Amino acid sequence: MKKTGSNKPQDINYSKKDRLLMALLTALSVSFTYFFYGPVNIYSNNKAEFIFTFKDFILPITLAFIGAFIILSVFIYLHKSFKINVITAAIISLFISGLIDNNIINKVVYTSGDTTPLSRRNLIIFFVTYFVIFYATIFVSVLLKEKWKSVLIFLCVLLFGSNAAVTVSDFATKDLIHDTDINCNYVASEKGLYEASDKENIIVILFDRMDTKYYDSVVKKYPDYFDNMKGFTLYDSATTTYSRTFPAVSSLITNKLYLNDVPPEEYFKTAYSTSPFMHDLKKNGYNINLYIDKYYEYTDAEVMKDYVDNVEPVTDYKPDTIRIWKHLTNLSLARNFSYWLSRTSILNALDGKTADLSTLVCDDGIYHDNDEQFYKSLKNNGLSPSGNEKDFKFIYLHGSHTPIILGENCEKSDNATIQSQTIGSFKIVFEYLEQLKKLGVYDNSTIIITADHGFAISDFKNYFDCAEDGITACMFVKPRGAQNEKLITSSAEVSITNLVPAIVQDAKLKTNNKYGESILNIKEGDSRTRTLYQSVISNKRKLILNEYEIKGNAKDLSNWKLKQQIKSDFSVY
């Protein structure tokens, strides 16, 4: 008797109505999740990071969602028999794999801006997970034959329904329909960036992530590279207060600690408006300029407009709709595929990506760290007299942080390394120092070149689980009238918290506030206890501050002690 072949996969038969239903539901769940729900959800939960509004991207994401829905529906519908099972199963398997990868294996989040690929172990797990689930789902779909339709409908309705519910909640609780405010009325502008007093200055140049390892790397290649920093002392075993840019920069400026007790936006408002250091500078006759980036250093500069002279009102903003759409879509895809995330880039403010998405307009232009451009302008135009008796300048620069794009001459290079970028960054310092000498005010200026934090280890583990030695950051300090012709190095047990007291001491500020111990009074051999707060992300993606107590040489991790964990209900910032 001739076999009928009824058990072959090809014998799976669907009516046109069944195929249309399967195509529409699969396409809807996919296109809605990636092209509408993802961008909306990411924006609504991170509005403080973005300087654009909901209306600036609703049209392109809606068109992308509809376009993807139509194209995918047609593509799936045109397939018959077992092929439609295979295609729909393959698509659904990506969602299942993404959920497992994102929530269990790699726990994808957008944090430090690094673009380091996944570790070999996690890369293998990533591909094995997707491979196994991909073929397992296809196998089940073929095995179930026509019953796969019911399973598919259940999964699609579950996926679409859950994401649609979150989207409705975002619209209701975040008031997206009426979202027309960029949440920023004032910004730190470039006003006075290329000026300095020809009488008296306090200059603080802060590099992001200037670890002592990077300094050692430069000295290994060019032993005398830093020698001619007249009057400076390098503290090569110094600790910072925090492990990340927030709240390290604002804490240094305001001399106000952040201890996970309030939301970051509230901390910014309180710290800048009540900073005793900033107000003491103003009372002592200083013109204050803070050249800092929006988001990680402040949310709205309105809170400092009464004492910071380069704060200007936002007169307009210009969104780049296409870039905004691409950025949010990439984030949506990366949230579900860690390989996509690690191999492209973690698109957030620290990569400068959000600064390209829209432009805040003010009279003198918003300040954004751009080391290459700053160096070119400084080299070509120099520093001119500001006309002020006393100037305080705080300049935040990209420094040794990723992305690594600068060569040794502070120009973009395809062959850039951490070493070349560190060398290039110090071209800015050396040029700035030369310009102060030309103004005749070098000797009468307090100058500090420092870092907000050292090398970034992990956002998920404490230092003892992933670091081989202690994390230290370079601090170069030149008091007024310092006589040493070449750079002096000290391994004194100092912290970034000792810098503001040094400024107060060196500038002879009149104050009723107590600022603590000055770095100028701390000698090698003095035994001191320092504190560092490491930002760690909990399993629920909330910010934890690990408080470390450091006694002795900070480079020796055995001198570190985990004192306590300060938990919060606030997301990592």
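Report follows, based on the coordinates. (Residues numbered from 1 in each chain as written. Predicted model: local features only at pLDDT ≥ 70, side-chain atom pairs only at ≥ 80, totals over all residues. Heavy atoms only, no water.)

Pairing is antiparallel in the open sheet, where 3 strands are placed in the order β14-β15-β16. Each edge of the open sheet is held by one strand with a lone partner, namely β14 (529-537) and β16 (560-566). Direction aside, the axes of adjacent strands within the sheet are offset by 25° on average. Across 9 bridges, the pairing between β14 and strand β15 (residues 543-551) is antiparallel. The partner of Thr531 across the bridge, within β15, is Glu549. (Pairing = 2+ DSSP bridges. Helix = DSSP H or I, 4+ residues; strand = E, 2+ residues; numbered from the N terminus. Axes fitted to C-alpha atoms, helices over the stretch in contact; angles between N-to-C directions.)

Of all 7 residues in strand β11 (residues 445-451), 7 are buried, a share of seventy percent or more. Both faces of β11 are covered, namely the face carrying Ser445, Ile447, Ile449 and Ala451 and the face carrying Thr446, Ile448 and Thr450. Note that strand β3 (residues 201-207) and β11 share 7 bridges and pair parallel. By the bridge assignment for β11, Phe207 is matched with Ala451. Direction of pairing for β11 relative to strand β12 (residues 473-478): antiparallel, over a ladder of 3 bridges. (Buried < 20%, exposed > 50% of the residue type's maximum accessible area, 1.4 Å probe, protein only.)

The next point concerns the side chain of Ser425. By the element assignment, Ser425 lies in helix α14 (residues 418-438). Assessed through its relative accessible area of 2%, Ser425 is described here as buried. Apart from residues lying up to four places away in sequence, Ser425 is in contact with Phe207, Asp371 and Gly399. (Contact = heavy atoms within 4.5 Å.)

A separate point is a nonpolar patch on the surface. A cluster of nonpolar side chains, contributed by Ile124, Val128, Phe131, Val132 and Tyr135, occupies part of the molecular surface with about 510 Å² of accessible area. Take Tyr135: its relative accessible area is 46%, and that puts it in the partly exposed class. (Patch = residues over 30% accessible without salt bridge, like charges linked within 9 Å, V, L, I, M, F, W, Y side chains within 5 Å. Areas by Shrake-Rupley, 256 points an atom, 1.4 Å probe, with all protein chains shown as cover. Salt bridge = Lys/Arg side-chain N within 4 Å of Asp/Glu carboxyl O.)

Here we come to the pattern of salt bridges. When the charged atoms of two side chains with opposite charge come close together, those side chains can pair. Scanning the entire structure with this criterion turns up 17 salt bridges. Residues Arg480 and Glu200 are paired through a salt bridge, measuring 2.8 Å at the closest nitrogen-oxygen approach. Taken together, the residues span a long stretch of sequence, with Arg480 in the loop between β12 and β13 (488-490) and Glu200 in the loop between β2 (195-196) and β3 at a distance of 280 residues. Judged by relative accessible area, which is 19%, Arg480 ranks as buried. One salt bridge connects Glu549 with Lys563, and the closest N-O pair in it is separated by 3.9 Å. With a gap of 14 residues between them, Glu549 in strand β15 and Lys563 in strand β16 connect regions that are remote in the sequence. It is possible to trace a salt-bridge network through shared partners that takes in Glu372, Lys376 and Lys412.

An order of β5-β10-β3-β11-β12-β4-β13 is seen for the 7 strands of this open sheet, with the pairing classed as mixed. For this open sheet the edge positions go to β5 (287-291) and β13, each flanked by a neighbour on one side alone. Sheet twist, expressed as the average angle between the axes of neighbouring strands with direction ignored, equals 15°. Strands in contact with helix α6 (residues 212-221) are β4 (233-238), β12 and β13; relative to β12, the strand with the most contacts, it is inclined by about 75°. Along the sheet, α14 makes contact with β3, β10 (391-397), β11 and β12, crossing β3 at roughly 170°.

Let's shift gears to the packing of helix α7 (residues 245-254) against helix α8 (residues 264-274). For the pair α7 and α8, the least separation of the axes is 10 Å and the interaxial angle reads 15°. With respect to α8, the element α7 is oriented roughly parallel. You can see that α7 and α8 cross each other, and the crossing is left-handed. Residues Phe246, Pro247, Ser250, Ser251, Ile253 and Thr254 of α7 form the contact with α8, whose participating residues are Pro264, Tyr267, Phe268, Ala271 and Tyr272. Grouping the amino acids of the contact of α7 with α8 by side-chain chemistry returns 8 nonpolar, 3 polar and no charged. (Parallel < 35°, antiparallel > 145°, perpendicular 65-115°, else oblique. Left-handed = near helix turned anticlockwise from the far one by under 90°. Nonpolar A, V, L, I, M, F, W, Y, C, P; charged D, E, K, R; others polar.)

Glancing now at the side chain of Gln534. Within the fold, Gln534 resides in strand β14. Relative accessible area serves as the criterion here: at 1%, Gln534 is assigned to the buried category. From its side chain, Gln534 meets the backbone oxygen of Lys461 in a polar contact 2.8 Å long. Looking at Gln534, its side chain comes within polar contact range of the side chain of Tyr548, at 3.0 Å. Contact partners of Gln534, with chain neighbours within four places excluded, come to Ser243, Ser458, Lys461, Asn462, Tyr463, Ile544, Leu545, Asn546 and Tyr548. (Polar contact = N/O pair within 3.5 Å; in protein donor to acceptor, adjacent residues only side chain to side chain.)

Moving on: the packing of helix α1 (residues 16-45) against helix α5 (residues 148-174). Contact pair α1 / α5: the axes reach a minimum separation of 9 Å and the direction vectors enclose 30°. Considering their axes alone, α1 and α5 lie roughly parallel with respect to each other. Crossing handedness for the pair α1 and α5: left-handed.

We now examine the environment of Lys83. Relative to the helices and strands, Lys83 resides in helix α3 (residues 81-105). C-alpha of Lys83 to C-alpha of Val142: the two residues are 59 residues apart in sequence and 8.8 Å apart in space.

For the coordinates displayed, the defined rule picks out 42 aromatic pairs. Each ring, one from Phe54 and one from Phe57, has its centre 5.2 Å from the other, and the planes form 85°; the classification is edge-to-face. No difference in accessibility class separates Phe54 from Phe57, as the two residues are buried. Relative to Phe426, the ring of Phe226 has its centre 5.0 Å away and its plane inclined at 90°; by these criteria the two rings are edge-to-face. Note that Phe226 is positioned in the loop between α6 and β4 and Phe426 in helix α14, a separation of 200 residues in sequence. (Phe/Tyr/Trp six-rings, centres within 6.5 Å; stacked < 30°, edge-to-face > 60°.)

The next point concerns the environment of His327. Secondary-structure assignment places His327 in helix α10 (residues 321-336). Each C-alpha atom, one on His327 and one on Asn287, is 38 Å from the other, the two residues being 40 residues apart in sequence.

To continue, consider unusual backbone geometry. The amide bond that connects Phe246 to the next residue, Pro247, takes the cis arrangement and shows omega of 0°. Secondary-structure assignment places Pro247 in helix α7. Looking along the chain, the bond that leaves Thr402 and enters Pro403 is cis, with omega of 0°. You can see Pro403 is positioned in the loop between β10 and α14.

Treat this as a map of the structure, not an account of what it does.
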